[in-house]
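# Working through the structure, step by step
The primary structure of each chain is shown beneath.
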Amino acid sequence: MKLHHCLILTALGGLLLTEPAAAQSSSPVLATDSLHFKGMTWRNIGPNRGGRSLGSSGSSSRKQEYYFGAVGGGLWKTVDGGNTWAPVTDGQLQSSSVGAVAVSETNPDVVYIGTGETQFRGNIMQGDGVYKTTDAGKTWKNIGLKETQAIARVRVHPTDPNTVYVAALGHPYGPNEERGVFRTTDGGTTWKKVLYKGDKAGAADLIIDPTNPKVIYASIWQVYRTPYKMWGGGGACGLFKSTDGGDTWTELTNKPGMPKGPVGKIGVTVSPVDPNRVWAIVEANDGGVYRSDDAGMTWKYVNSERKLRQRAFYYSRIYADPKDKDGVYCLNVGFFKSSDGGVKFDKTITVPHGDNHDLWIDPTDPMRMVSSNDGGGTVSVNGGKTWTDENFPTAQLYHITVTNDFPYHVAGAQQDNSTVAVASEGWNHMQARSNSLKKSERYYDVGGGESGYIAQDPKNPDIFYAGSQGALLTRYNRATGQVRDVQVYPRFFSGEPSSALPERWQWTYPIVFSPVDPNRLYVCSQHVWMSTNEGQSWQKISPDLTLADTASLGKSGGVITMDMNGPEIYATVFALAPSFHDVNTIWAGSDDGLVHITRDHGKTWQNITPKDLPKHTRISIIDASRHKPGTAYIAAKRYQMDDRAPYLWKTDDYGKTWKKIVTGIGAGHYAHTVREDLTKPGLLYAGTEHGVYVSFNDGDNWQPMQLGLPDTQISDLIVTEKDLVIGTHGRSMYVLDDVAPIREFSPEVAKADVHFFKPYSAVRRVQNAVFQYYLAKPSDKVKIEILDSKGNLVRSFDSVDAPAGGEKAPAAEMEEDNPRAPRVKPPTKNAGLNRFEWDMRYPGATEFKGMIVWSARPTMGPLAPSGKYQIRLTTAGKTLTQPFEIKLDPRLKGVSDADVQEQFQLAIKLRDQTSKANDAVVQIRDLKEKLGKTNSPANKKIIEQLSIVEENLYQIRNQSGQDPLNFPIKLNNRLASLWRSVETGDAKPTDGSYKVYEELSAELNQHLGELESILKTKTIKSL
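On a predicted model such as this, the values are computed, not experimentally measured, just so you know. Numbering of residues starts from 1 in every chain and runs along the sequence as written. In keeping with the predicted nature of the model, local features appear solely for residues at pLDDT of at least 70, side-chain atom pairs appear and are counted solely at 80 or more, and the whole-chain, interface and lining totals rest on all residues. Hydrogens are left out, water is left out, and the side-chain values use all remaining heavy atoms of the structure.

### Concerning the overall build of the protein chain
This is how the line gets drawn: Strands are runs of DSSP state E lasting at least two residues, helices are runs of H or I lasting at least four, and both sets are numbered from the N terminus onward. C-alpha atoms define the radius of gyration, and 2.2 Å times the number of residues to the power 0.38 defines the globule rule. Buried residues are those whose accessible area, probed at 1.4 Å on protein chains only, stays under 20% of the maximum for their type, while exposed residues exceed 50% and partly exposed ones sit between those limits. In this description, contact between two residues means that some pair of their heavy atoms is separated by no more than 4.5 Å. None of His or the chain ends enter the tally, which takes Lys and Arg as positive and Asp and Glu as negative. Charged side chains are reduced to one point each, which is NZ for Lys, CZ for Arg, CG for Asp and CD for Glu.
In terms of helices and strands, the protein chain carries seven helices and 67 strands. In summary, the protein chain has a C-alpha radius of gyration of 33 Å against a globular reference of 31 Å for 1023 residues, a match within 12%. If one aligns the C-alpha atoms of the protein chain with their principal axes, the spans along those axes are about 115 × 70 × 55 Å. Of all 1023 residues assigned to the protein chain, the portion counted as buried reaches 62%. Pairs at least 24 residues apart make up 57% of the contacts formed inside the protein chain by residues separated by at least 6 positions. When the 117 positive and 114 negative side-chain charges of the protein chain are each reduced to one mean point, those points stand 2 Å apart.

See below:
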């Protein structure tokens, strides 16, 4: 399989299958020995489009160094001013959500990050406290406050990197004590809660006066979420000030000029130029920007524009210019600046992505800044006139699907972006160029919007159905670009509670085809709907399949600001799974905790909810078994009820009885998806908040399957014929290639000294032949032989040159400027899983030292034709053989196996003719060297005769790569170039190819005949 060269290789170090956090039984089929999977690793395929970021920071002393936190993808760092970014916390954080970043001004090697999200949208991710690095991001340590779950700000004392303040919002979904403002004076060894207003309110913003670090301003926000409601505002909300480093606090919200209550979320900043000047953006009925010119004792209402305070729960951030007393910035959907003290925010700053959440400005140079928005982190060095691209793989996907193309595409809906389909591999011919990534990447939109499911039409791979918020449902034709809105009930809604809607369409509602009848397309509100005419009309085939508790259908937002959108629409069918066996059987699950089944296509439905499934449990995924008609698996979650436990069930009797299957899944690793393997019954995969799990025994036990994957939410997982594919909510998409070692794992494999896994088919020019074998211990030698269908040896590879112990073998890919570079790594002989990749090439032509040819690569042998092959592995005294097949690219039209066989035969002939020419050159040079040792007239004459033949075979004046432009190419180059021409593309050779072959072969025979005559001379015979 071809390897994609991603901008960021997230599988650094190759984490292995490890023992799970929770206890597990001693089942003999569990892969407790990680060596069996050593070498497998997840491959990131993009898209290289940034996702949401809430925190960013930089350094005054390091002009090219910046950080941003990806809320589902860890902390990212740039050392070249934002041109390229790399993750620096992978494998070290136990939370993917970084919500706050702070770099020490006096020691930029010291960086603190706070995890969890406080911009309170519907799918926020929780964290596990504060982390610290003292080596600029190389190593990280959790330094406490693990139960805060959501941290709004981390502020470092301007002269003491060990004194740090944290604004902790606390649990988003329930009351807890670890809220408010915390302080450490020993670098995080100990913490003290210095501002606390109860177990239902936490800190939303925090700023230190840089001219007097004893002065601190902080805001408290009372807010919570449930699956159906966000509610902000309350008696604990307010703005507070300390003048003694946090020991005591004074409330400022009741000072003259502040708005009358109630108040909600508040952002605050202080001017470094004039510490008496303080700004606050206040959520209130008379909300907006308030300014104080006496350090918070009195306030003036200076701006009421709604562009600055709309959706206050998601924004409410304000920043002072470090050099201009009247300069102040405010972030919302847009990015605005005021130059008159906040009266008018009349300058709009354009950034690469909307929804702005954080801003760091260099206190010594306000032209330098780094900003966070819903597209990631971005850097400006000219005060916001221009910004760096946000092209890193931190996309947040909701659901994914794989297409029926070859190679398949992975399509998903990206948070605050479009849908996106990315080729899994092998679509290089259609890639677009990206200047800053220094790589190519092709992706395309498939309709719908940021939050929806995607379903490819089984009958026409160019047709996609995709959804989004507001009940949007589109039918998109990628061949023409035509899009049609085919909503079931196109009554748009926004700002209305669930109780007001005739049809309740969730932010992410199911869109699925029947795997039995490809004409049946299903979507879900609180009802199940079906269309058999591509969305032209819809039939309701179910009653309301939800609890529809009136208490869960009301308004959302808060005391001051309402916010009702798709995420808050509740009591909907959130998961749907038509049977793979019976067209009339459909499984359905609701977001408020019910499971139903119909076995007569909707005429009747039975409530089959597991007895131990609590109310308000969101049924995230139902996976109907491909192997057993009555079997199905459920992944459910209750994290929005402040319950982060994993919930998985299975049934084998159509839901009459259920078994909970969570043993081995870590605490807090709540499940988003569960999938059954396509080929092996009982092999299950689960996607959780903290990575992938695998079960080899139908869910009785689970264990992590990270294999180099960073800690990130697995929002969806798809099993293909040979791969696993995941969509993450913060690190884009990954593929785990060739999962035969997982599918074939058994007690016998675990005990074997050597195991040779059954290979998948290879595809000419698209997917190389990949072979995997397990060694219980390092081997002295590994030999791999490729045999054709008749048992003839094609190639043989030996491990004698392969390093043991995991070092990298010689380069596998041919360098563009070095046609003699090796193409195939020798087989490895390490303990654990080994992987050998054959480029499907036969041996190449003979070469000689200094050979320069153009438009040809004669050392790269002919490409093996389609057909049946065998691979033979010999090691540790054992010889094992596996069959495999090389196939034609199924996308080819009008090309047969016979055509490719004919192409191969001509290529072999051209290879052999090229070798004859090159062998002759080698022989002539050897003879000339011997003859030159004796300076006789007879020898000189023979040397001259030999040189004539040599110069007809090869252009001897070529000494550098561009010389063929000056000196005409000769016969060996023409033969090799014809060979290259014949093998360009899979097709029967052209008539012209045969004609030129005959001409060049005749010319070669003539020159070889002349050489043969010279070789018959007595002088040559006497050598």
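Having seen the model, we can carry on.
### Here's the deal with the environment of Ala312
If you trace the backbone, Ala312 turns up in the loop between strand 22 (300-303) and strand 23 (317-320). A relative accessible area of 2% places Ala312 in the buried class. Distance from Ala312 to Ala284, taken between C-alpha atoms, is 9.5 Å for residues 28 residues apart in sequence. Setting aside chain neighbours within four positions, we find Ala312 in contact with Lys265 and Glu283.

### So, the pairing of strand 63 (residues 782-787)
When a strand is regular, its side chains alternate between the sheet's two faces. The criterion, for reference: Note: two strands are recorded as paired if DSSP finds a minimum of 2 bridges between them.
Summarising burial for strand 63: five of the six residues are buried, a large majority. Two strands pair when backbone bridges link them, and strand 63 and strand 66 (residues 867-875) are joined in this way by six bridges, in the antiparallel orientation. Directly across from Lys783, in strand 66, lies its bridge partner Thr874. As paired elements, strand 63 and strand 64 (residues 793-798) share five bridges and run antiparallel to each other. Note on strand 64: the bridge partner recorded for Lys783 is Asp798.

### Considering the environment of Phe848
Within the element layout of this structure, Phe848 appears in the loop between strand 65 (832-838) and strand 66. Of the residues examined, Phe848 reaches a relative accessible area of 7% and is grouped as buried. Taking the C-alpha atoms as reference points, Phe848 and Val921, separated by 73 residues in sequence, lie 8.0 Å from one another. Those residues in contact with Phe848 that sit more than four places away from it in its chain are Asn918, Val921, Val922, Arg925, Tyr954 and Asn972.

### So, the nonpolar core
Convention followed: Side-chain atoms within 4.5 Å link the members of a nonpolar core, which is a set of buried Ala, Val, Leu, Ile, Met, Phe, Trp, Tyr and Cys residues.
Ranked by internal contacts, the top residues of the largest apolar core, which has 33 residues, are Leu910, Leu946, Leu953, Leu975, Leu1011 and Ile1020. Put simply, the parts of the chain that give this core at least two residues each are helix 3 (897-931), helix 4 (937-953), helix 5 (971-982) and helix 6 (991-1015). Residue contributions to this core peak at nine residues, all from helix 3. Contacts of Leu910, omitting those with residues within four sequence positions, involve Leu975, Leu978, Trp979, Val982 and Tyr997.

### Notes on the sheet that holds strand 54 (residues 684-688)
Pairing in this open sheet of four strands is antiparallel, and the strands run 53-54-55-56 from one edge to the other. Each edge of the open sheet is held by one strand with a lone partner, namely strand 53 (671-676) and strand 56 (703-704).

### Things to note about the pattern of salt bridges
Which entries qualify depends on this criterion: Think of a salt bridge as a Lys or Arg side-chain nitrogen and an Asp or Glu carboxyl oxygen that are within 4 Å of each other.
Under the counting rule described, the total for this entry stands at 50 salt bridges. The partner of Lys722 in a salt bridge is Asp738, and the shortest N-O contact between them spans 4.0 Å. Highlighted residues: Lys722 in the loop between strand 57 (714-719) and strand 58 (724-728) and Asp738 in the loop between strand 59 (733-736) and helix 1 (740-743), separated in sequence by 16 residues. Assigned by exposure class, Lys722 and Asp738 land together as buried. Two residues, Glu950 and Arg925, come together in a salt bridge whose shortest N-O distance is 2.7 Å. Note that Glu950 is positioned in helix 4 and Arg925 in helix 3, a separation of 25 residues in sequence. Three or more residues are tied together by salt bridges with common partners; here these are Arg62, Glu65, Lys77 and Asp109.

### Remarks on the sheet that holds strand 22
Quick note on the threshold: Each axis is a line fitted through C-alpha atoms, taken for helices only over the stretch in contact, and angles between the N-to-C directions span 0 to 180 degrees.
Ordered in space as 19-20-21-22, the four strands form an open sheet in which the pairing is antiparallel. Each having just a single partner strand, strand 19 (263-270) and strand 22 make up the two edges of the open sheet. Each adjacent strand pair in this sheet contributes to an overall mean axis angle of 30 degrees, direction not counted. Taken together, the six bridges between strand 19 and strand 20 (residues 278-284) define a ladder with antiparallel strand orientation. Bridge pairing in strand 20 links Val270 to Val278.

### Digging into unusual backbone geometry
Cis peptide bonds are those with omega within 30 degrees of zero, and the linkage from Gly46 to Pro47 qualifies with 5 degrees. By the element assignment, Pro47 lies in the loop between strand 1 (42-46) and strand 2 (53-58). Residue Pro407 is bonded to the preceding Phe406 through a cis peptide linkage, with omega at -20 degrees. Look at Asp416: it is not a glycine, yet its phi comes out positive at around 50 degrees. Mapped onto the fold, Asp416 is located in the loop between strand 31 (409-414) and strand 32 (419-423).

### Regarding helix 4
Worth spelling out the cut-off: Multiply 1.5 Å by the residue count of a helix minus one, and that product is the helix's expected span. Arc definition: directions from the helix axis to the C-beta atoms.
With 17 residues, helix 4 should reach 24 Å at 1.5 Å per residue; the first-to-last C-alpha distance of 25 Å fits that figure. Those residues of helix 4 not exposed but buried are Asn939, Ile942, Leu946, Ser947, Val949, Glu950 and Leu953. For helix 4, the arc enclosing every buried residue in end-on projection is 165 degrees, short of the 170-degree limit, so these residues lie on one face. For helix 4, the exposed residues lying more than 90 degrees away from the buried face are Pro937, Lys941, Glu944 and Ile948. Along its buried surface, helix 4 packs onto helix 3, helix 5, helix 6 and helix 7 (1018-1021).

### Structural notes on the confidence of the model for the protein chain
Here is the rule: As a per-residue measure, pLDDT tells how confident the predictor is, with possible values from 0 to 100.
Averaged over all residues, the pLDDT of the protein chain is 93; the fraction at 70 or higher stands at 93%. Contacts from residues 433-438, a stretch scored under 50 in pLDDT, to residues over four places away or in other chains number 11 contacts.

### Observations concerning the packing of helix 3 against helix 6
Under the convention used in this document: Put simply, angles under 35 degrees are roughly parallel, angles over 145 are roughly antiparallel, angles from 65 to 115 are roughly perpendicular, and the rest are oblique. Crossing handedness is defined as follows: a turn of the near helix away from the far one that is anticlockwise and smaller than a right angle gives a left-handed crossing, while the clockwise case is right-handed. Basically, the charged four are Asp, Glu, Lys and Arg, the nonpolar ten are Ala, Val, Leu, Ile, Met, Phe, Trp, Tyr, Cys and Pro, and anything else, Gly included, counts as polar.
Their axes nearest at 11 Å, the elements helix 3 and helix 6 cross at an angle of 25 degrees. As far as their axial angle goes, helix 6 and helix 3 are roughly parallel. Crossing hand, helix 3 versus helix 6: left-handed. Facing Glu902, Leu906, Lys909, Leu910, Gln913, Lys916, Ala917, Ala920, Gln923, Ile924 and Leu927 of helix 3, the residues of helix 6 in contact are Ser993, Tyr994, Tyr997, Ser1001, Leu1004, Leu1008, Leu1011 and Leu1015. Its residues placed into classes, the contact of helix 3 with helix 6 shows 12 nonpolar, four polar and three charged.

### Describing the state of the cysteines
Note on terminology: disulfide describes a covalent bond linking the sulfur atoms of two cysteines. Condition: The rule for a disulfide is simple: a pair of cysteine sulfur atoms within 2.5 Å.
On inspection of all chains with the given rule, the structure shows zero disulfides. Considering cysteine sulfurs only, Cys237 is the nearest to Cys330, which forms no disulfide, with 18 Å between them.

### Quick word on the packing of aromatic side chains
Heads up, the rule is: Each Phe, Tyr or Trp ring (for Trp, its six-membered ring) is paired with any other whose centre lies within 6.5 Å, and the angle between the two planes then decides the class: stacked below 30 degrees, edge-to-face above 60, tilted in between. Here, over-ring charges are defined by two tests on the NZ atom of lysine or the CZ atom of arginine: distance to the ring centre within 6 Å, and angle to the ring normal within 35 degrees.
Here the structure, examined in full by the defined rule, presents 32 aromatic pairs. Ring plane angle 20 degrees and centroid distance 6.5 Å describe the contact between Phe771 and Phe836, whose orientation is recorded as stacked. Of this pair, Phe771 sits in strand 62 (residues 769-775) while Phe836 sits in strand 65, and the two are 65 residues apart along the sequence. For the pair shown, Phe771 and Phe836 are each scored as buried. When the ring centre of Phe574 is taken as origin, the NZ or CZ atom of Arg618, which lies over that ring, is 4.8 Å away.

### A word on the side chain of Thr378
Here is the rule we go by: Under this definition, polar contacts are N or O atom pairs within 3.5 Å; protein pairs additionally need one hydrogen-donor-capable and one acceptor-capable atom, and for neighbouring residues in sequence, both atoms have to be side-chain atoms.
By the element assignment, Thr378 lies in strand 29 (residues 376-380). Relative accessible area serves as the criterion here: at 0%, Thr378 is assigned to the buried category. For Thr378, the side chain forms a polar contact with the main-chain oxygen of Thr388, separated by 2.8 Å. With sequence-adjacent residues up to four places away left out, Thr378 is seen in contact with Pro352, Met369, Val370, Ser371, Asn373, Trp387, Thr388 and Glu390.

### Description of the packing of helix 5 against helix 6
Where helix 5 contacts helix 6, the two axes come as close as 10 Å, and the packing angle between them is 155 degrees. Regarding the angle of helix 5 to helix 6, the classification is roughly antiparallel. Considering how the two elements wind past one another, helix 5 and helix 6 form a crossing that is left-handed. Contact residues: helix 5 offers Leu971, Arg974, Leu975, Leu978 and Val982, while helix 6 offers Ser993, Val996, Tyr997, Leu1000, Glu1003, Leu1004 and His1007. Its residues assigned to classes, the contact of helix 5 with helix 6 shows eight nonpolar, two polar and two charged.

### Some words on helix 5
Look at helix 5: 16 Å from first C-alpha to last across 12 residues, which is about the 16 Å you get at 1.5 Å a residue. Of all the 12 residues making up helix 5, nine are buried; the element is thus mostly covered by neighbouring parts of the structure. Among the residues making up helix 5, those that are buried are Leu971, Asn972, Asn973, Leu975, Ala976, Ser977, Leu978, Trp979 and Val982. Close packing links the buried residues of helix 5 with helix 3, helix 4 and helix 6.

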